[in-house]
Amino acid sequence: MPEAGGHKSVFLVGFMGAGKTSVGRSLGRRLGWRFEDLDDRIQARAGHSIAEIFRDLGEAEFRRLENTSLRELVSELGTEPRVVALGGGAFAQPENVGLLERADVRVVFLDGPAEELHRRCEEEQRERPLLQDAKQFGELYEQRRSAYLMASCRIDTTGKDVDGVAVEVACRLGLE
Ligand code: S3P
């Protein structure tokens, strides 16, 4: 729902390693908007880490929790616009794409070459259940790319730092 001043919430989507969480945090600080990571909401709701949910309940149950958490988050959008980072698979689920379309928010695809995204994930050492070897990682990225391209804009993050990408998002959306 747009704010009285006309600003819509911004949702960052893209593959693992694209920098959705770190760019989202930086963008939120820049704009003075609240930042939220959907994976944090899922973990709080489930009382388990993402890795535990995948391990104990499986991916299908994770996707169900992800959709429920996203619906809840969207229903809370009010007059204050927010910056939200989605997990890498969320925008590849058609029901979530429809939900965000109906919510009238801005969706930004943070992109980069699969090799660079894979390298960043390995450097980060965060536990990611779907992080596999470079070949499988690249295949999953290719499967999802057409979904990510349904976002209202795409930003190439190759070789850029977090704050630089946040500034670019703000400029592209006319928020600077
Ligand atoms: C996933 C990406 C993760 C997390 C979960 C599933 C995916 O988020 O939601 O492990 O399907 O690509 P990040 O993109 O923040 O790593």
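Residues numbered from 1 in each chain as written. Predicted model: local features only at pLDDT ≥ 70, side-chain atom pairs only at ≥ 80, totals over all residues. Heavy atoms only, no water.

Enquirer: What exactly am I supposed to notice about unusual backbone geometry here?
Expert: Peptide bonds are mostly trans, and most non-glycine residues show a negative phi. Even without being glycine, Asp104 reaches a positive phi, approximately 60 degrees. If you trace the backbone, Asp104 turns up in the loop between helix H5 (94-103) and strand S4 (106-111). Under the relative-accessibility criterion, Asp104 is labelled partly exposed at 32%. (Helix = DSSP H or I, 4+ residues; strand = E, 2+ residues; numbered from the N terminus. Buried < 20%, exposed > 50% of the residue type's maximum accessible area, 1.4 Å probe, protein only.)

Enquirer: Just to check I follow, could you spell out the site of the ligand for this structure?
Expert: Within the structure, the ligand sits among 15 residues, and Lys20, Asp39, Arg63, Arg128 and Arg144 are positioned closest to it. In this structure, an oxygen atom belonging to the ligand sits 2.7 Å away from a side-chain N or O atom of Arg128. Its free accessible area being 380 Å², the ligand has 97% of it covered by the protein chains. Among the secondary structure elements, those contributing two or more residues to the shell around the ligand are helix H3 (50-57) and helix H4 (59-76). Along the lines of polarity and charge, the residues of the shell around the ligand split into six nonpolar, three polar and six charged. (Near = heavy atom within 4 Å. Polar contact = N/O pair within 3.5 Å; in protein donor to acceptor, adjacent residues only side chain to side chain. Areas by Shrake-Rupley, 256 points an atom, 1.4 Å probe, with all protein chains shown as cover. Nonpolar A, V, L, I, M, F, W, Y, C, P; charged D, E, K, R; others polar.)

Enquirer: Can you walk me through the pairing of strand S1 (residues 10-13) in this structure?
Expert: As a general feature of sheets, a regular strand has side chains that alternate between the two faces. Neither face of S1 is exposed, since Val10 and Leu12 on one face and Phe11 and Val13 on the opposite face are all buried. Note: S1 against strand S3 (residues 82-85), three bridges, orientation parallel. In the strand pairing of S3, Phe11 is matched with Val84. Here S1 pairs with S4 via four bridges, running parallel. Following the sheet pairing, Phe11 is matched in S4 by Val107. (Pairing = 2+ DSSP bridges.)

Enquirer: I would appreciate a short explanation of the pattern of salt bridges in the present structure.
Expert: Between side chains of opposite charge, pairing is possible as soon as their charged atoms come close. The final tally for this structure, using the stated rule, is 20 salt bridges. Its salt-bridge partner being Glu176, residue Arg30 comes within 3.0 Å of it at the nearest N-O pair. You can see Arg30 sitting in helix H1 (residues 20-31) and its partner Glu176 sitting in the segment after helix H8 (162-172), a full 146 residues away along the chain. With a relative accessible area of 53%, Glu176 lands in the exposed category. A salt bridge links Arg34 to Glu36; the shortest N-O distance between them is 3.6 Å. Among the ionic contacts, a cluster of salt bridges with common partners joins Arg34, Glu36, Arg41, Arg45, Glu72, Glu76 and Arg82. (Salt bridge = Lys/Arg side-chain N within 4 Å of Asp/Glu carboxyl O.)

Enquirer: Can you help me understand the environment of Gly164 in this one?
Expert: Turning to its location among the elements, Gly164 is positioned in helix H8. According to the relative accessible area criterion, Gly164 is partly exposed, its value standing at 33%. Separated by 124 residues in sequence, Gly164 and Asp40 place their C-alpha atoms 24 Å apart.

Enquirer: Explanation requested: the side chain of Glu36 in the structure shown.
Expert: Residue placement: Glu36 occurs in strand S2 (residues 34-37). Using a relative accessible area of 11% as the deciding quantity, one classes Glu36 as buried. Engagement of the side chain of Glu36 in a polar contact is seen with the side chain of Arg41, the distance being 2.6 Å. Engagement of the side chain of Glu36 in a polar contact is seen with the side chain of Arg82, the distance being 3.3 Å.

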